[in-house]
Amino acid sequence: MKKILSIFSVSFALVFSSSAFANTIGVVYDSGGKFDKSFNELAFNTAERVVNELGWGMIEFESANDNQIEQGMRKIADRGATMIVGMGFAQADAVAAVSADYPDIKFVAVDVCWLDDPNNNIYQACYKEHEGSFLVGMMAAMASKSGTIGFVGGMDIPLIRKFQGGYEQGAQYVNPDITVLANMTGTTNEAWNNPTKGAELTKAQIDGGADVVYQAAGGTGIGVLQAAADAGIMGIGVDSNQNWMHPGNMLTSMLKRLDLTIFEQAKNVESGRFESGINILGLSEGMVGYATEDGMVTSEMAAAADAAAADIASGALVVADWSQE
Amino acid sequence: MEFLSDIASLINSTLRISTPLVFAAMAGIFAERSGVIDFSLEGKMLMAAFVAAVGSYYLGNPWLGLLLAIIVCVCLSMLHGFASVTHKGDQVVSCVAINILIIGLTTALAAAWFGQAGLTPTLNEDQRFLEIHLPFADALRDIPVIGTLYSDILSGHYVFVYLAYLSVPLVFWIVFKTSFGLRLRAVGENPSAVDTAGINVFTMRYKALAINGVLIAFAGAHLSTAVNANFFREMSAGRGYLALAAMIFGKWHPKTALIACLLFGFTDALQIRLQGVELPAIGEIPVQLIQALPYILTVVLLAGFVGKAIAPNAIGQPYIKER
């Protein structure tokens, strides 16, 4: 009996222990899926970097729908994560609920910046995507020969309007006469996950004369960039550097440096310097930008974008945030 | 001229969006005309998309990918038949089981084979179906009306678009003009009478399901190897269910089902183009309302213009031979 009990307790300890690692990063992905070649994949790659460079353990959760998020996050907390990354605005409620019950675990909430934080254990990061989008909008307008450019968004929410707004303002900053065709894929979660619809929207914009298309549509964006490449026009990627997907048909990608955020916070957790709070990160913090690697950004475009970036960072140029309207 | 090219773009878009719906609706007609409910069009379309993408990635030829997709889809149809025809299980339950199985299976297999849950590697140009440009399309473009009609509308589609619309008269001919079709319809209306005449009800239903599997495979391959260049988690996105609705809308008849599919495609294509456009006197319509347009139109048409849809008499009932 004793033997059985000890086997039991050993296996129990094995299943629930987290003692193998001093620290463990937990990642809860957004509904676009882990391998969306964009937002979620960037978080995954960063978590891998935390594992490789800082020697942490990693636990992941991919939710099939929004109702599972909180449950999944609790499970990660129970399994001994020291820092949990919640990807996307849809996880706000889950982060609030779980962080209240686990005061010792640190949370990083990406795209969430409005939660009360009684335990002071949430690092809330929102990005000024409109500033980064402004820069790629400028480049799109400079690259366009037809004077018409396109934008394909995922789900129609204020966050995506922010991308669209920055892009249109940037394009108009360079060329006041530019036409911007903008489409949203849908109004439900499915809109992040419908590349066929994304391709169709892009084809419609190409028929309308667009020769540069910017996507902020999660997994749907894979279809957008594919359709752009098929038609021989240029696409603009989002969140992570997507230029490698279609070399020769990618102008640039708008970078949202959540990789820097996550890695930095992991280091802070390790050194005990983690600070909770609400952070709005933009060009002046170096947390949004554009990618040149594998892209087709000319030196002229880069110079113009960098000049505008300096103006935005210094406050001389203000990009309106359409999500606030 | 700009008006004409806008119209051409709208028609092209309608044809493209409707293509998977047409294949799926035709597949549904075969199954349901024989008396077997096929709710699993959605799952089979998804499986076909997956198999076609994986097949053409490994074999280097999209046609071989399509062939594999056909084989797998026919197997799935046979599975549905085995459960609901041979073993007389509930047809809807069998379909739902297939749908759920495939959502999980495609994601898991992609994770196991390519290390990326729900995504297959991007296909290159040799591994995909590309748009077909008909001969003289460029030369004839400048001729007014005929040029637009031929070069911009008729030319420049994926092979599946042509096949989908060619399949409709073929399905019509098989179902309504051949003795096979007569038996097929009879099995769905009054299986015991057919049995009395010495025709095996089970064999007929299996044959119908086999054709159903072949047709639905085209819809899936269109999604993953023509419009897109890889498989994506749940990429069928409800098109199977929409096709089923179109088939019922079209009263289980190929011609009317085609019209229903085109209507769904048209409203979808229209809503893409209406987004953000200022309409005279009304102003800009909110995106939410525009995106609800296909559904509103469907309800209005269904309530007002389409008469009563009468299903095949024996649909959903497993045939039990009297002892």
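Residues numbered from 1 in each chain as written. Chains lettered and ligands numbered in written order. Predicted model: local features only at pLDDT ≥ 70, side-chain atom pairs only at ≥ 80, totals over all residues.

1. Topic: the overall build of chain B
For chain B, the count of helices and strands is 13 helices and two strands. Over its C-alpha atoms, taken along the principal directions, chain B stretches across nearly 70 × 50 × 40 Å. Of all 323 residues assigned to chain B, the portion counted as buried reaches 48%. (Helix = DSSP H or I, 4+ residues; strand = E, 2+ residues; numbered from the N terminus. Buried ≥ 20, exposed ≤ 12 C-beta atoms within 10 Å, placed from the backbone.)

2. As for the overall build of chain A
Within chain A one finds 10 helices and 12 strands. Taking 2.2 N^0.38 as the reference for a compact globule, 325 residues should give roughly 20 Å; the C-alpha atoms of chain A span a radius of gyration of 21 Å, in line with that estimate. Considering only C-alpha atoms, chain A reaches an extent of 80 × 40 × 35 Å along its principal axes. Sorting the 325 residues of chain A into buried and exposed places 57% on the buried side. Counted over contacts in chain A with a minimum sequence separation of 6, partners at least 24 positions apart contribute 68%. (Rg over C-alpha atoms; globule rule 2.2 N^0.38 Å. Contact = placed C-beta atoms within 7 Å.)

3. Observations concerning the sheet that holds strand S2 (residues 57-62) of chain A
Residue and element names in this part refer to chain A. Taken in spatial order, the six strands make up an open sheet running S2-S1-S3-S4-S5-S11, and their pairing is parallel. With one partner strand each, in any of the chains shown, S2 and strand S11 (277-281) form the two edges of the open sheet. Between one strand and the next, the sheet's axes are offset by a mean angle of 15°, whatever the strand orientation. In terms of strand pairing, strand S1 (residues 24-29) meets S2 through six bridges, oriented parallel. The residue bridging Gly 26 from the neighbouring strand is Ile 59, located in S2. (Pairing = 2+ DSSP bridges. Axes fitted to C-alpha atoms, helices over the stretch in contact; angles between N-to-C directions.)

4. A look at the interface of chain B and chain A
The interface of chain B with chain A comprises 24 residues on the first partner and 25 residues on the second. Elements supplying a minimum of two residues to the side of chain B that touches chain A: helix H1 (2-33), helix H10 (201-227), helix H12 (254-274) and helix H13 (287-304) of chain B.

5. Some remarks on H10(B)
Residues and elements named next belong to chain B. For H10, with 27 residues, the first-to-last C-alpha span of 39 Å sits near the 39 Å given by 1.5 Å per residue. Along H10, the sharpest change in direction is near 35° and occurs at Ala 221. Where burial is concerned, most of H10 is hidden: 21 out of the 27 residues are buried. (Expected span 1.5 Å × (residues − 1). Bend = angle between axes of the 7 residues up to and from the residue.)

6. Regarding the domain arrangement of chain A
Residue and element names in this part refer to chain A. Examined at the domain level, chain A breaks down into domain 1 (18-127 + 258-285) and domain 2 (129-256 + 295-324). With centres defined by C-alpha atoms, the gap from domain 1 to domain 2 works out at 27 Å. If you look at the interface, domain 1 gives 16 residues, while domain 2 gives 19 residues. The greatest single-element share of the side of domain 1 that touches domain 2, amounting to three residues, is contributed by helix H2 (residues 39-54). By residue class, the composition of the side of domain 1 that touches domain 2 is six nonpolar, six polar and four charged. (Domains from an automatic or database assignment. Nonpolar A, V, L, I, M, F, W, Y, C, P; charged D, E, K, R; others polar.)

7. Here we look at the pairing of strand S5 (residues 122-127) of chain A
All names here are of chain A. With respect to burial, S5 is a largely interior element, six of its six residues being buried. The side-chain alternation of S5 yields two buried faces, one formed by Ile 122, Gln 124 and Cys 126 and the other by Tyr 123, Ala 125 and Tyr 127. In the sheet, strand S4 (residues 106-110) pairs with S5 via four bridges, with the strands oriented parallel. Considered in S5, the bridge of Phe 107 is made with Ile 122. By the bridge criterion, five bridges tie S5 to S11 in an arrangement that is parallel. In the strand pairing of S11, Ala 125 is matched with Asn 279.

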